[in-house]
Amino acid sequence: MCVICIKPKGTTIDIEDLKLMFEANSHGAGFAVILGKKLYYKKGLMTIEKLIEEIEEFNNPKYNLVVHCRLASVGGINPELTHPFPITDKKEELLSLEGYSKAVLFHNGTLYFNRSNDLSDTANLTVKLAELKLSPEKLVKVLSLLHGQKFVLMTPKKIYQIGEFHKHKGLYVSNLSWKWEFKFRFYFNRKNFWTYDF
């Protein structure tokens, strides 16, 4: 399933919520943050402890931050296939675990098309988008044609949200299944579903 969490300036991510997001989507995580006129990204964070450690500096009201927790549907479970992906058609850059980029892509969903490589659906899509050599605004229009998918295209200037996101504590999240998974698990484990205050 995956989950994308957009943290605008003026907000912070509740660490307990982040733990739930990762627990429900535990195949690795990554993030991107706008630093002045630059866009910095880091991914391949395969434990919740590492994710918390890496975003700590940016999880405050000063920064625009986007976090992604992956649940693999296409492609292997490894650091290189976590999100985000820099918009590039060069494989080495595409799978880089850290760097600066003019634009990065986060995805929540599954794309079905023929694959002749070991990349994930999102990685293959990113390469195809890079080959189009379009502006971010035009890339958003292309991504909007992929119905049922949710994306964040992030640049040093703007966070583009494609698809329906839910507002949660000032954040925007691509789904809330990580909340319900915990709620149902709590019910089955503790037998007091109705008394738990979400």
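Our subject is the structure that appears above.
Residues numbered from 1 in each chain as written. Predicted model: local features only at pLDDT ≥ 70, side-chain atom pairs only at ≥ 80, totals over all residues. Heavy atoms only, no water.

For the rest of this paragraph, the subject is the packing of helix 1 (residues 15-24) against helix 2 (residues 48-55). At a minimum axis distance of 10 Å, the contact between helix 1 and helix 2 shows a crossing angle of 135°. The angle between helix 1 and helix 2 falls in the class oblique. The hand of the helix 1/helix 2 crossing is right-handed. On the side of helix 1, the interface is formed by I15, L18, K19 and F22, while helix 2 contributes I48, L51, I52 and I55. The class makeup of the residues in the contact of helix 1 with helix 2 is seven nonpolar, no polar and one charged. (Axes fitted to C-alpha atoms, helices over the stretch in contact; angles between N-to-C directions. Helix = DSSP H or I, 4+ residues; strand = E, 2+ residues; numbered from the N terminus. Parallel < 35°, antiparallel > 145°, perpendicular 65-115°, else oblique. Left-handed = near helix turned anticlockwise from the far one by under 90°. Contact = heavy atoms within 4.5 Å. Nonpolar A, V, L, I, M, F, W, Y, C, P; charged D, E, K, R; others polar.)

Count 3.6 residues to each turn of an α-helix, and residues three or four apart come out pointing the same way. Buried residues of helix 5 (residues 136-144): L139, V140 and L143, and no others. Here the buried residues of helix 5 occupy an arc of 105° about the axis, which is enough to place them on one side. Tucked inside the fold, the buried residues of helix 5 contact strand 7 (104-108), helix 4 (121-132), strand 8 (150-154) and strand 9 (159-162). (Buried < 20%, exposed > 50% of the residue type's maximum accessible area, 1.4 Å probe, protein only. Arc of directions from axis to C-beta.)

Moving on, we get to the state of the cysteines. Throughout the structure, instances matching the rule amount to zero disulfides. Free of any disulfide, C5 has its nearest cysteine sulfur in C69, 8.3 Å distant. (Disulfide = S-S within 2.5 Å.)

Attention now moves to the side chain of Q149. Within the secondary structure, Q149 sits in the loop between helix 5 and strand 8. In this structure Q149 comes out as buried when scored by relative accessible area, which is 13%.

For the structure shown, the criterion picks out seven salt bridges. Across the salt bridge formed by K19 and E16, the nearest N and O atoms sit 3.4 Å from each other. In this pair, K19 and E16 are both assigned in helix 1, three residues apart and thus about one turn of the helix distant. Its relative accessible area of 35% is what places K19 among the partly exposed residues. Residue E54 is joined to K42 by a salt bridge in which the shortest nitrogen-to-oxygen separation is 3.2 Å. Pair noted here: E54 is in helix 2 and K42 is in strand 3 (residues 38-45), with a separation of 12 residues, a long-range link. Of the residues examined, K42 reaches a relative accessible area of 17% and is grouped as buried. One network of salt bridges, in which partners are shared, links K42, K50, E53 and E54. (Salt bridge = Lys/Arg side-chain N within 4 Å of Asp/Glu carboxyl O.)

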